[in-house]
Amino acid sequence: VEQSVAFGYTKIKLALPHGPSDGAEGINKNVALVKRAREVLGADGEIMIDCWMALTEAYTLRLAEALEPYRVYWLEEVLMPDEYEGFGRLHSRIDSTFLATGEHEYTRYGFDRLLKSNAVD
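The notes below deal with the structure included here.

## Things to note about empty space enclosed by the protein
Per the stated rule, a full pass over the model turns up one cavity of 30 Å³ or more. Put simply, the largest cavity is a space of about 50 Å³. In terms of lining, the largest cavity is formed by Ala64, Leu67, Glu68, Arg71, Val72, Leu75, Ser96 and Thr97. Elements with a minimum of two residues in the lining of the largest cavity: helix H3 (57–67) and strand E3 (72–76).

## Observations concerning the pattern of salt bridges
For the structure on display, the rule yields seven salt bridges. Each member of the salt-bridge network shares a partner with another, and the members are Lys13, Asp50 and Glu76.

## Looking at the packing of aromatic side chains
What characterises a pair of aromatic rings is the spacing of the ring centres plus the angle enclosed by the ring planes. Inspection of every chain in the model, using the stated rule, returns two aromatic pairs. Aromatic pair Tyr73 and Trp74: ring centres 5.9 Å apart, planes at 50 degrees, arrangement tilted. Overall, Trp74 belongs to the partly exposed group, its relative accessible area being 26%. Plain terms: the ring middles of Tyr73 and Phe98 are 5.3 Å apart, the flat faces sit at 75 degrees to each other, and that makes the pair edge-to-face. On the criterion of sequence distance, the pair formed by Tyr73 in strand E3 and Phe98 in strand E4 (residues 98–100) is long-range, its members being 25 residues apart.

## Here's the deal with unusual backbone geometry
The backbone phi angle of Arg71 is positive, close to 50 degrees, even though this residue is not glycine. Along the chain, Arg71 falls in the loop between H3 and E3. Judged by its relative accessible area of 44%, Arg71 falls in the partly exposed class. Of note in the backbone geometry, Glu77 takes a positive phi value of approximately 55 degrees without being a glycine. The topology assignment puts Glu77 in the loop between E3 and helix H4 (84–93). Since its relative accessible area comes to 2%, Glu77 is described here as buried.

The rules we used
Residues numbered from 1 in each chain as written. Predicted model: local features only at pLDDT ≥ 70, side-chain atom pairs only at ≥ 80, totals over all residues. Heavy atoms only, no water. 1 Å grid on protein atoms, 1.4 Å probe; cavity = no way out; pocket = protein on both sides within 12 Å on 5 of 7 lines; lining within 4 Å. Points joined across faces, edges and corners; volume = space filled by probe spheres on them. Helix = DSSP H or I, 4+ residues; strand = E, 2+ residues; numbered from the N terminus. Salt bridge = Lys/Arg side-chain N within 4 Å of Asp/Glu carboxyl O. Phe/Tyr/Trp six-rings, centres within 6.5 Å; stacked < 30°, edge-to-face > 60°. Buried < 20%, exposed > 50% of the residue type's maximum accessible area, 1.4 Å probe, protein only.

This is the structure:
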């Protein structure tokens, strides 16, 4: 994070290092990472988080709530790409950040399912 800011970046994407198997301690460590990034980046910077398709719906809800004070711009790939309905459920409940996915969609059919599920921003 510090090096990115030193290079002049105002928008950074972090890899989420902890997931559901790490429990509450993992959420706390993820929050500490984002808090540090926010402090280094400043109030006007943007933080995006790549979740590597490794989360569950319940963990994502807890994570989004815990990260709310740090104004994360988006959470990317929180679930496996074909969990369209799960993304839709999360999208209907999370309003503190955008949800992003789609890099593993290669045809109009998958994008159609994302749209019909109101899955992401």
